[in-house]
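Take a look at the letters that make up each chain.
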Amino acid sequence: SGNNWGYGKENGPSLWHKQYPTAKGSRQSPIDIVPHQLSHDPSLGPIVPNYDQCTSLNISNNGHSVAVEFDDSDDRSVIRGGPLDNPYRLKQFHFHWGGKGCHGSEHTVAGNSYASELHLVHWNAVKYKTYEEAATAPNGLAVLGIFLQTGDDHRWLHTITDALYMVKFKGSVTDFKGFNPKCLLPSSLHYWTYLGSLTTPPLHESVIWIILKEPISVSERQLSKFRMLLSTGEEEDQRIHMENNFRPPQPLKGRRVRSSV
Ligand SMILES: Cc1ccnc(S(N)(=O)=O)n1
Ligand SMILES: [Zn+2]
């Protein structure tokens, strides 16, 4: 069936093209960002995330990552500005990470990867009626990518890592109200931006990527809690830990990566 892709030897990123030919498309993500080859675009204004009235609903384990979903029935939590010509509504955020001591970010910077990468997924509700419609439209989505590096404990990440035991198994979901992702943003909102795709199947080429230059710091202890998540269901006897759930960088194919200030 169509949903047996994963990150293992038998079903990993190098094989996704068999089921999802878009994998070999012209605007695939992630990419390696090479700062000194960038064009700094003075017309690029600041990005303005506005998550104040945001309404988180639940946290879930979909077998590939752990995601926090938001009520996206109105424009309470949106991101605007920068390369975006409309406000984009926050739909969910999720993470990608490595194995113990390994790196797990999807985008890399001058060939260097970070321990993990947080993706806040937004959709253009001005031009499209649903997230699903936006997800298949060119530039229907805007994903804000934030690098996580290992260092001190992150003051607010514990609210998420403390809830992970409740969604240990693939397919589990539990209430997760009142979480404001503003607390996960670094102090600087300087960014790189380029046109790309979803980094997991169906790999739709519908994403305006906005990658923050400044990583946030989380402790190895906090990161290790992500690795106790399972990519297998409660009823399965084989327990596979969820780790190294990242796609490697894809060919740039002539795309321009722009830099805010
Ligand atoms: C919601 C969603 C689906 C697929 N891929 C992504 S990602 N990793 O490009 O942000 N997000
Ligand atoms: Zn992602």
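Along each chain, residues carry numbers from 1 onward, in the same order as the chain's sequence is written. Lettering of chains starts at A and numbering of ligands starts at 1, both following the order in which they are written. Note on the predicted model: pLDDT of at least 70 is required for a residue's local features to be given, and 80 or more for side-chain atom pairs to be given and counted; whole-chain, interface and lining totals, by contrast, use all residues. Side-chain figures throughout are based on the complete set of non-hydrogen atoms in the structure, without hydrogens or water.

Describing the overall build of the protein
Item 1. Here a helix means four or more residues in a row that DSSP labels H or I, a strand means two or more in a row labelled E, and each is numbered from the N terminus. Looking only at helices and strands, one finds 4 helices and 15 strands in the protein.
Item 2. Whereas a compact globule of 261 residues would reach a radius of gyration of roughly 18 Å, the protein reaches 17 Å, a difference of no more than 12%.
Item 3. Oriented by its inertia axes, the alpha-carbon framework of the protein measures out at about 55 × 40 × 40 Å.
Item 4. Here the protein holds 261 residues, and 51% of them are scored as buried.
Item 5. For the protein, the accessible surface area stands at approximately 11,900 Å², while carbon and sulfur atoms represent 51% of it.
Item 6. Seen as two clouds, the 26 positive and the 26 negative side-chain charges of the protein have centres 4 Å apart. Atoms counted for the radius of gyration: C-alpha only. Globule rule: 2.2 Å times the number of residues to the power 0.38. Between buried and exposed lies partly exposed: a residue is buried under 20% and exposed over 50% of the maximum accessible area for its type, with that area taken using a 1.4 Å probe on protein chains only. For accessible areas, the Shrake-Rupley method is used with a probe of radius 1.4 Å. Any residue's cover is judged against the shown protein chains and nothing else. None of His or the chain ends enter the tally, which takes Lys and Arg as positive and Asp and Glu as negative. Every charge is mapped to an atom, namely NZ of Lys, CZ of Arg, CG of Asp or CD of Glu.

Overview of the coordination of the zinc ion (ligand 2)
Item 1. Surrounding the zinc ion (ligand 2) are the protein donor atoms His94 (NE2), His96 (NE2) and His119 (ND1), which sit 2.0 Å from the metal.
Item 2. Positions of the donor residues of the zinc ion (ligand 2) along the chain correspond to the pattern H-x1-H-x22-H. In this pair, His94 sits in strand β7 (residues 88–97) while His119 sits in strand β9 (residues 116–123), placing the two residues 25 residues apart along the sequence. When sorted by exposure, His94 lands in the same class as His119, which is buried. Only nitrogen, oxygen and sulfur atoms count as donors, using a 2.8 Å cut-off from the metal that widens to 3.2 Å for Na, K and Ca. Water is left out, so coordination shells may look unfilled.

Regarding the environment of Phe246
Item 1. Here Phe246 shows up in the loop between α4 (220–226) and β15 (258–259).
Item 2. Residue classification places Phe246 among the partly exposed residues on the basis of a relative accessible area of 25%.
Item 3. The spacing of Phe246 and Phe95 is 151 residues in sequence and 9.2 Å in space, taken between C-alpha atoms.
Item 4. In contact with Phe246, other than residues within four places in its own chain, are Tyr7, Pro13, His96, Trp97, Gly98, His103, Gly104, Ser105 and Glu106. Any pair of residues with heavy atoms lying within 4.5 Å of one another is described as a contacting pair.

Overview of the side chain of Asp41
Item 1. With respect to the secondary-structure elements, Asp41 resides in the loop between β2 (39–40) and β3 (47–50).
Item 2. Polar side-chain contacts of Asp41 include one of 2.8 Å to the side chain of Arg258.
Item 3. Among all residues touching Asp41, those that are not within four sequence positions of it are Arg258 and Ser259. N or O atoms within 3.5 Å of each other form a polar contact, as long as, within protein, one can give a hydrogen and the other can take it, and as long as residues adjacent in sequence are counted only when both atoms are side-chain atoms.

Describing the pattern of salt bridges
Item 1. Salt bridge, as applied in this entry: a Lys or Arg side-chain nitrogen positioned within 4 Å of an Asp or Glu carboxyl oxygen. Per the stated rule, a full pass over the model turns up 9 salt bridges.
Item 2. Taking the shortest distance from any N to any O, the salt bridge between Arg76 and Asp74 comes out at 2.9 Å.
Item 3. Salt-bridge contacts for Arg89 lead to Asp75; the nearest nitrogen and oxygen are separated by 2.6 Å. Of this pair, Arg89 sits in strand β7 while Asp75 sits in the loop between β5 (66–70) and β6 (78–81), placing them 14 residues apart in sequence.
Item 4. Relative accessible area serves as the criterion here: at 14%, Arg89 is assigned to the buried category.
Item 5. Taking relative accessible area as the criterion, Asp75 reaches 40% and is therefore assigned partly exposed.
Item 6. A single salt-bridge network, built from bridges that share partners, covers Asp71, Asp74 and Arg76.

Examining the site of ligand 1
Item 1. We define proximity as follows: a residue is near a molecule or strand when any one of its heavy atoms falls within 4 Å of that partner. Around ligand 1, the neighbouring residues are Gln92, His94, His96, Glu106, His119, Val121, Tyr131, Val143, Leu198, Thr199, Thr200 and Trp209.
Item 2. Within the side chain of His119, one N or O atom sits 3.4 Å away from a nitrogen atom of ligand 1.
Item 3. Here a nitrogen atom of ligand 1 and a side-chain polar atom of Thr199 are 2.7 Å apart.
Item 4. If you list the elements that add at least two residues to the shell around ligand 1, you get β7 and β9.
Item 5. Sorting elements by how many residues they give to the shell around ligand 1 places β7 first, with 3 residues.
Item 6. We call Asp, Glu, Lys and Arg charged. Ala, Val, Leu, Ile, Met, Phe, Trp, Tyr, Cys and Pro are nonpolar, and the rest, Gly among them, are polar. Split into classes, the residues belonging to the shell around ligand 1 amount to 5 nonpolar, 6 polar and 1 charged.

A look at the environment of Val109
Item 1. Counting through the fold element by element, Val109 comes out in strand β8 (residues 108–109).
Item 2. For Val109, a relative accessible area of 13% puts it in the buried group.
Item 3. For the pair Val109 and Pro35, spaced 74 residues apart in the sequence, the C-alpha separation amounts to 7.3 Å.
Item 4. Filtering out sequence-adjacent residues up to four positions away, Val109 remains in contact with Asp32, Ile33, Pro35, Tyr114, Phe147 and Trp192.

Digging into the state of the cysteines
Item 1. Two cysteine sulfur atoms form a disulfide, by the criterion used here, when they sit within 2.5 Å. In total, this model carries 0 disulfides according to the counting rule given.
Item 2. Distance from the sulfur of Cys183, which forms no disulfide, to the nearest cysteine sulfur (Cys54) is 9.0 Å.
Item 3. For Cys183, a relative accessible area of 22% corresponds to the partly exposed category.

Description of the nonpolar core
Item 1. Joining through side-chain atoms within 4.5 Å is the link that ties buried Ala, Val, Leu, Ile, Met, Phe, Trp, Tyr and Cys residues into a set, and such a set is a nonpolar core. Membership of the largest hydrophobic core comes to 41 residues, with the highest contact counts inside it found for Ile59, Val66, Phe93, Phe95, Leu144, Ile160 and Phe226.
Item 2. Among the elements that take part in this core, β7 stands out by supplying 5 residues, more than any other.
Item 3. The residues touching Val66, leaving out its near neighbours within four places in the chain, are Ile59, Ser60, Phe93, His94, Phe95, Trp97, Leu164, Val167, Phe226, Leu229 and Met242.

As far as function goes, none of this settles anything; it's purely spatial.
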